[in-house]
Amino acid sequence: MKYMAILKHGTSKNSNYNDVFSYLLYEHDEYTMKPVLDENGNLVRRRDYILDGINCDPFTYAEECQELNGRFRKNQKPDEIRAHHYIISFDPLDQSECGLTGEKAQELGIEFAKKNFPGHQTLVCTHMDGHNGSGNIHVHIVFNSLRKYDIEQPDYSERSCDSRAGYKHHPTLEYLDSMRASLMEICNREGLHQVELLTPSENKISEREYWAKKRGQSELDKTNKEVIEFGLTPAKTVFQTQKQFLRDAISDVSNSATSFDEFQKVLLEKYLIQVTDKKYRYTYLHPERSKNITERALGTNYGKEYMMKLFEKNTLKNQVAESLIEENPLDSSEDVNDIQDIQIDYSFSPTIFGDSPPDYVEVFFLKSDLRLVVDLQNNVKAQQSRAYMQKVKLTNLKQMAQTIVYVQQHGYDTRDALQNSYDEILAKRVEARKELREIEDKLKDINEVIRYMGQYLSNKKVFSEMLNAKNKKKFREAHPSEIETYEAAVRFLKGRYTDGKIPSMKALQEEKQSLTIRRDAKQSSYNYLYDYTQELKTVCSNMDAILNPPQEKETKKTKQQEIS
């Protein structure tokens with residue numbers, strides 16, 4: 001994740017202003033956002049930080065915010081945004097190359113806050129420890145969404161009330177651009193590393209995607225540990241988000257595509273990704289999603305304008321290459337069709353697992369992906385077309401040669417050893433599928449609980465109003481659907497949680513997210529085992545074709561006919 005003077009923004013509806021104060025002063029787990037405790041169960045103080053307050057005392061920030069909210073009767077409802085949180089992340093090289101210190105960063109943070117958030121009760125806190133050991137200095141700017149003092153009317157404001165006390169922070173697009181420009185001016189003035197914040201990112205990695213990758217990588221590491229314990233090699237060691245899968249696939253296909261039609265076709269065939277041209281932009285559909293992802297969510301390098309230029313560039317490159325070939329034709333004196341008459345000598349097949357294959361085997365090792373040898377005797381098309389038969393013979397020759405190399409490289413001494421390996425991996429694949437189904441069942445179950453919990457919460461107010469109504473029967477008749485839905489949700493939740501300890505919606509969502517990550521990681525493990533068994537199945541089939549060639553089968557069949 002890049003840091004170079006990046007500005008990030010978040011909001012909080014938490015009514016307890018002390019929570020953010022605790023986050024700034026004490027260490028927190030970056031994955032769960034829960035406080036880190038020592039062996040005695042006490043909070044662990046951050047080692048390197050600087051804290052200041054603007055328009056408030058930092059140690060009475062929570063009380064002062066609550067007092068201001070009460071005075072103006074704002075921030076009283078649960079769904080109101082009570083605080084805004086901006087983070088300025090500096091490049092780690094700013095310390096070694098530009099002399100940036102924590103004190104200097106705090107000074108710049110205060111300057112930025114006073115200019116862009118005047119009139120608000122604000123905390124400015126600089127952390128020097130960096131994120132996950134990255135070593136970058138970053139500044140947290142947290143302030144009450146309600147303005148305490150009147151200020152001069154800003155140029156970027158859309159409403160006159162945006163300058164008056166008692167009104168809330170209103171971050172419009174013009175406001176955000178003004179803040180980015182302000183940060184760029186500070187970085188340029190101080191000679192710090194920074195990116196063009198007003199220009200859309202080529203590869204846009206959002207905060208949400210970043211943390212999804214971190215959590216997914218953690219779960220994948222656990223799964224890979226199990227795979228290694230099985231004695232296997234993990235299929236992949238790096239977790240990939242859906243958006244990153246799209247980026248990698250688009251980059252791969254666009255490097256050679258010369259038109260949108262070709263780009264669309266290859267993406268679908270190779271990666272099962274559907275791309276749609278929406279007149280002014282492209283949208284991409286991941287094979288595991290039902291909703292498209294826009295080019296804006298991926299970055300400018302995946303947009304229509306960029307792709308059209310790339311298609312033109314690839315077309316020009318191909319035209320240049322074709323002109324060079326015409327000027328320098330290859331030597332075609334040898335007839336490549338002569339190779340179709342080559343036949344495999346099966347005399348060495350009984351000892352194929354013990355002896356090295358003849359030298360000519362490596363000549364036909366053209367591809368690493370194995371395919372099944374075609375049974376020409378039972379192939380109708382081959383019987384009808386001699387040209388097709390000759391083509392398949394050559395392909396079979398290549399696949400047989402590649403199979404021979406495969407079994408020797410993987411140390412299979414006998415046909416039974418190859419079969420035992422296949423049976424072993426197949427058993428592990430069955431077990432992985434069983435575990436995957438268990439996780440999927442748990443995920444289905446938690447989704448049902450979330451659905452009923454949502455019905456319970458959304459209709460709880462109506463049910464409470466019925467209990468307080470003078471004529472409950474009349475009220476029920478006026479709201480039959482809401483009350484029936486609420487009562488059904490209560491019956492389900494009480495039946496599910498007989499001890500009366502019903503988890504919160506937040507806890508349910510966290511459990512669902514955890515199960516989703518586990519499911520994706522286990523699916524990856526299962527896919528690996530599935531591909532492995534399919535490969536071994538192909539090797540077994542090809543070896544049977546080599547050890548029992550068609551000529552031998554045909555000879556046996558002829559002898560039986562003669563006897564009869």
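Residues numbered from 1 in each chain as written. Predicted model: local features only at pLDDT ≥ 70, side-chain atom pairs only at ≥ 80, totals over all residues. Heavy atoms only, no water.

Asks: What is the right way to look at unusual backbone geometry in this model?
Replies: With glycine set apart, most residues show a phi of negative sign, and most peptide bonds adopt trans. Non-glycine residue Asn55 carries a positive phi angle of around 65°. Position of Asn55 among the secondary structure elements: in the loop between strand S2 (49-54) and helix H2 (61-72). In this structure, Asn75 is a non-glycine residue whose phi angle is positive, near 55°. Inspection of the secondary structure puts Asn75 in the loop between H2 and strand S3 (83-89). Residue Asn75 is classed as buried on the basis of its relative accessible area, which comes to 4%. (Helix = DSSP H or I, 4+ residues; strand = E, 2+ residues; numbered from the N terminus. Buried < 20%, exposed > 50% of the residue type's maximum accessible area, 1.4 Å probe, protein only.)

Asks: I'm lost on H2 in this one. Help?
Replies: Every α-helical turn comprises 3.6 residues, leaving residues that sit three or four positions apart pointing alike. Its 12 residues place the ends of H2 17 Å apart at the C-alpha level, agreeing with the 16 Å of an ideal helix rising 1.5 Å per residue. Elements that come into contact with the buried residues of H2 comprise helix H1 (18-25), strand S4 (120-127) and strand S5 (138-147). Of the residues trailing H2, Arg73 is marked for its positive phi of about 55°. (Expected span 1.5 Å × (residues − 1). Contact = heavy atoms within 4.5 Å.)

Asks: So what exactly am I meant to see when it comes to the confidence of the model for the chain here?
Replies: Keep in mind that low pLDDT regions are not for reading the predicted coordinates in detail. Looking at the chain, pLDDT values average 79 and 82% of them are 70 or higher. Confidence drops under pLDDT 50 across residues 327-368; counting only partners more than four residues distant or on other chains, this segment forms 49 contacts. (pLDDT = per-residue confidence, 0-100.)

Asks: Would you explain the sheet that holds strand S7 (residues 282-285) in this entry?
Replies: Across a sheet, strands are paired by hydrogen bonds formed along the backbone, either parallel or antiparallel in direction. Strand order in the open sheet formed by 3 strands is S6-S7-S8, and the pairing between neighbours is antiparallel. With one partner strand each, in any of the chains shown, strand S6 (274-277) and strand S8 (293-294) form the two edges of the open sheet. In the sheet, S7 pairs with S8 via 2 bridges, with the strands oriented antiparallel. Residue pairing across strands places Tyr284 opposite Ile293, the latter belonging to S8. Across the sheet, helix H8 (residues 260-271) touches S6 and S7, and the angle it forms with S6 is around 155°. (Pairing = 2+ DSSP bridges. Axes fitted to C-alpha atoms, helices over the stretch in contact; angles between N-to-C directions.)

Asks: Any chance you could explain the packing of aromatic side chains here in plain terms?
Replies: Each aromatic ring pair is summarised here by two numbers: the centre-to-centre distance and the angle between the ring planes. Scanning the model with the defined rule gives 15 aromatic pairs in all. On the numbers, 6.3 Å between centres and 35° between planes, the contact of Tyr526 with Tyr530 is tilted. Placement of the pair is Tyr526 and Tyr530 together in helix H16 (residues 505-547), with a separation of 4 residues, close to one helical turn. Using a relative accessible area of 16% as the deciding quantity, one classes Tyr526 as buried. Through a chain of ring-to-ring contacts, three or more aromatic side chains come together here, namely Phe260, Phe263, Tyr282, Tyr284 and Phe311. (Phe/Tyr/Trp six-rings, centres within 6.5 Å; stacked < 30°, edge-to-face > 60°.)

Asks: What should I look at first to understand the sheet that holds S2 in this one?
Replies: The strand order across the open sheet built from 5 strands is S1-S3-S5-S4-S2, with neighbouring strands paired in antiparallel fashion. Each of the sheet's edge strands pairs with one partner strand only, and the pair in question is strand S1 (6-12) and S2. If you compare each strand with its neighbour and ignore which way they point, the axes differ by 15° on average. Pairing of S1 with S3 involves 7 bridges; the strand directions are antiparallel. Counterpart to Ile6 in the pairing with S3 is Ser89. Strands S4 and S5 of the sheet are contacted by H2, whose axis makes an angle of about 25° with S5.

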